[in-house]
Amino acid sequence: MRSLDDRRATYARLGTGELAATVAFAVAYLLLQDRFTRDDQIALGAALTPLLLILVQAGVYWLLARRWVGAGLMPPVLASTYSAMRWVNPIVLAVGLGVLVWRTSTTGATVLGLGVWLFAAIEYLNYYVIRLAYPASQWPSLVGQRRTPQLMKDVRAGRGPDRSEGQR
């Protein structure tokens, strides 16, 4: 079993990594937007918005989780917030996809936008539905176990047994 300090260090790396990815995607969009038509800029922004939203949620979660890992539960207010985001994120994903499909005007922007949107959908699944992040060598065997993401375990524990969304 890993020590508490090791887990906190891992959470810090995960949190700062997700927030750094958020900044990197936002900066890339800003630097590249002049290469696209106005419609494509809107479409790409719509595809990018859910990704940035989910990455920020993930980064904040990992950084805050260092406070309660091994010592307690996710605070109930935070658990309720993340529980709500479990339902808000798919709406944002659907709207983003709709705008992408409706506003994109070139093949390049369509392919790029769909790639960004698909990455956002995968991140959503990884944090809110089924854990997908594993080392590449173990991925085929571990992903089939359909493990609950750590975020959702913490949300359920923080909300208490009488309000949990069920356990796997």
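Computed from a predicted structure; not experimentally measured.

A. Quick peek at the side chain of Asn 89. For Asn 89, the location among the structural elements is in helix α3 (residues 76-103). Only 2.9 Å separates the side chain of Asn 89 from the side chain of Gln 57, close enough to count as a polar contact. Beyond its immediate stretch of four places on either side in the chain, Asn 89 contacts Leu 53, Ile 54, Gln 57, Tyr 124 and Tyr 128.

B. Just the layout of surface pockets, in detail. Reported here for the largest pocket is a volume of approximately 560 Å³. Elements represented by at least two residues in the lining of the largest pocket include exactly α1 (4-32), α2 (38-65), α4 (107-128) and α6 (150-159). At five residues, the largest contribution of residues to the lining of the largest pocket is made by α1. Of the residues contributing to the lining of the largest pocket, the split by class is nine nonpolar, four polar and six charged. Of the pockets and cavities examined, the second largest pocket occupies roughly 180 Å³. Lining the second largest pocket are Phe 25, Ala 28, Tyr 29, Leu 32, Gln 33, Phe 36, Leu 44, Ala 47, Leu 48, Leu 112, Gly 113 and Val 116. Residues belonging to the lining of the second largest pocket are distributed by class as follows: ten nonpolar, two polar and no charged.

About the cut-offs
- Residues numbered from 1 in each chain as written.
- Predicted model: local features only at pLDDT ≥ 70, side-chain atom pairs only at ≥ 80, totals over all residues.
- Heavy atoms only, no water.
- Helix = DSSP H or I, 4+ residues; strand = E, 2+ residues; numbered from the N terminus.
- Polar contact = N/O pair within 3.5 Å; in protein donor to acceptor, adjacent residues only side chain to side chain.
- Contact = heavy atoms within 4.5 Å.
- 1 Å grid on protein atoms, 1.4 Å probe; cavity = no way out; pocket = protein on both sides within 12 Å on 5 of 7 lines; lining within 4 Å.
- Points joined across faces, edges and corners; volume = space filled by probe spheres on them.
- Nonpolar A, V, L, I, M, F, W, Y, C, P; charged D, E, K, R; others polar.

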